[in-house]
Amino acid sequence: MRSDATATGLPDGGATVVYGEAMLTMQHYPAKRRIVREARRLLETSTGRYAVHELCLMPDGLDPALADRITADLQDAIHVGARPLTPSGWSELLAIEGFTVTARKTAPMALLEPRRLIADEGLIPALRIAGRALLDPDARRRMLHMRRVFRRHSAHLGAISLLAVPTPTHT
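Residues numbered from 1 in each chain as written. Predicted model: local features only at pLDDT ≥ 70, side-chain atom pairs only at ≥ 80, totals over all residues. Heavy atoms only, no water.

**Q** Please clarify how the overall build of the protein chain should be interpreted in this entry.
**A** Scanning the protein chain from N- to C-terminus turns up 6 helices and 4 strands. Starting at the N terminus, the α and β elements of the protein chain follow one another as β-α-β-α-α-β-α-α-α-β. Along the three orthogonal principal directions, the C-alpha set of the protein chain runs to about 60 × 40 × 25 Å. Counting the 171 residues in the protein chain, one finds 35% classified as buried. Pairs at least 24 residues apart make up 83% of the contacts formed inside the protein chain by residues separated by at least 6 positions. Accessible surface, the protein chain as shown: approximately 10,000 Å² in total, 58% of it carbon and sulfur. (Helix = DSSP H or I, 4+ residues; strand = E, 2+ residues; numbered from the N terminus. Buried < 20%, exposed > 50% of the residue type's maximum accessible area, 1.4 Å probe, protein only. Contact = heavy atoms within 4.5 Å. Areas by Shrake-Rupley, 256 points an atom, 1.4 Å probe, with all protein chains shown as cover.)

**Q** Any chance you could explain helix 2 (residues 64-78) here in plain terms?
**A** Given 3.6 residues per turn, any residue in an α-helix points the same way as the ones three and four places further on. For helix 2, with 15 residues, the first-to-last C-alpha span of 21 Å sits near the 21 Å given by 1.5 Å per residue. Within the span of helix 2, buried status applies to Leu66, Ala67, Ile70, Thr71, Asp73, Leu74 and Ala77. The buried residues of helix 2 occupy one face: seen down the axis, they fall within an arc of 160°. Counted as exposed and oriented over 90 degrees from the buried face of helix 2: Pro64 and Asp68. At its buried positions, helix 2 is contacted by strand 2 (49-57), helix 6 (137-152) and strand 4 (157-166). (Expected span 1.5 Å × (residues − 1). Arc of directions from axis to C-beta.)

**Q** Can you help me understand a nonpolar patch on the surface in this one?
**A** On the surface, a cluster of nonpolar side chains totalling about 360 Å² of accessible area is made up of Ile118, Leu123, Ile124 and Leu127. Among the elements that take part in the nonpolar patch, helix 5 (residues 123-135) stands out by supplying 3 residues, more than any other. Locating Leu123 in the fold gives a position in helix 5. (Patch = residues over 30% accessible without salt bridge, like charges linked within 9 Å, V, L, I, M, F, W, Y side chains within 5 Å. Salt bridge = Lys/Arg side-chain N within 4 Å of Asp/Glu carboxyl O.)

**Q** Got a minute to help me understand the packing of helix 1 (residues 29-42) against helix 3 (residues 87-96) in this structure?
**A** When two helices pack together, their arrangement is given by the angle between the helix axes and the distance between those axes. The geometry of helix 1 relative to helix 3 is characterised by a closest axis approach of 9 Å and an angle of 55° between their N-to-C directions. Of the possible angle classes, the one that applies to helix 1 and helix 3 is oblique. Seen from above, helix 1 lies across helix 3 with right-handed handedness. For the pair helix 1 and helix 3, contact is made by Tyr29, Lys32, Arg33 and Val36 and by Trp90, Leu93, Leu94 and Ile96, respectively. Residues that form the contact of helix 1 with helix 3 fall into these classes: 6 nonpolar, no polar and 2 charged. (Axes fitted to C-alpha atoms, helices over the stretch in contact; angles between N-to-C directions. Parallel < 35°, antiparallel > 145°, perpendicular 65-115°, else oblique. Left-handed = near helix turned anticlockwise from the far one by under 90°. Nonpolar A, V, L, I, M, F, W, Y, C, P; charged D, E, K, R; others polar.)

**Q** Looking at this structure, how should I read the environment of Arg104?
**A** Mapping Arg104 onto the fold places it in strand 3 (residues 99-108). Between the C-alpha atoms of Arg104 and Ala51, which are 53 residues apart in sequence, the distance is 9.8 Å. In this structure Arg104 touches Asp60, Pro87, Ser88, Ser91, Ile160, Ser161 and Leu162, once residues within four positions along its chain are discounted. Within polar-contact distance, the side chain of Arg104 engages the backbone oxygen of Pro87 at 3.1 Å. In this structure the side chain of Arg104 is engaged in a polar contact, spanning 3.1 Å, whose partner is the side chain of Ser91. (Polar contact = N/O pair within 3.5 Å; in protein donor to acceptor, adjacent residues only side chain to side chain.)

**Q** Would you take a moment to explain the pattern of salt bridges for this structure?
**A** Once their charged atoms are close, side chains differing in charge can pair, the charge on each being opposite to the other. One pass over the full model with this rule turns up 9 salt bridges. Between Asp12 and Arg41 there is a salt bridge, and its shortest N-O distance comes to 2.3 Å. In this pair, Asp12 sits in the segment before strand 1 (17-21) while Arg41 sits in helix 1, placing the two residues 29 residues apart along the sequence. Take Asp12: its relative accessible area is 59%, and that puts it in the exposed class. The salt bridge partner of Glu97 is Arg37, with a shortest N-O separation of 2.9 Å.

Without other data, these values stay purely geometric and don't point to any function.
See the structure below:
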């Protein structure tokens with residue numbers, strides 16, 4: 001079944017786990033909220049878990065002008081509206097939509113680095129990706145541009161993983 005992440009059509013409380021991989025970063029803030037709200041609706045209240053893995057601006061308190069510059073560079077390189085948040089920003093987003101973050105881990109940005117690509121995809125698939133990039137000059141240019149942006153902003157870009165549970169409602 002294919003559906004919109006903001007309105008899946010799945011039953012309320014029918015899931016024990018919802019996982020989002022690098023999806024929220026690509027959305028503007030209102031859409032981020034709608035997607036997280038839908039994840040909350042899907043989860044079984046007492047045992048449900050929501051896990052996300054996203055791009056992250058670091059550290060908390062990052063100068064807003066620098067955050068805007070990094071975001072603009074990402075959008076230029078990726079050709080989509082990448083809008084990462086700080087660690088606290090991600091936690092606050094989940095809290096606003098009814099979650100309590102139980103675990104949060106950040107890591108350096110390693111997307112498009114050869115070691116990370118091999119670790120994520122495996123050697124043969126990573127070689128296929130590299131081979132396609134070598135054969136397609138436009139794809140190679142785009143990939144190298146993205147990697148340059150990631151490296152240029154490596155001190156302020158990372159990955160974040162969060163695990164959250166539905167916050168019990170108080171009546």
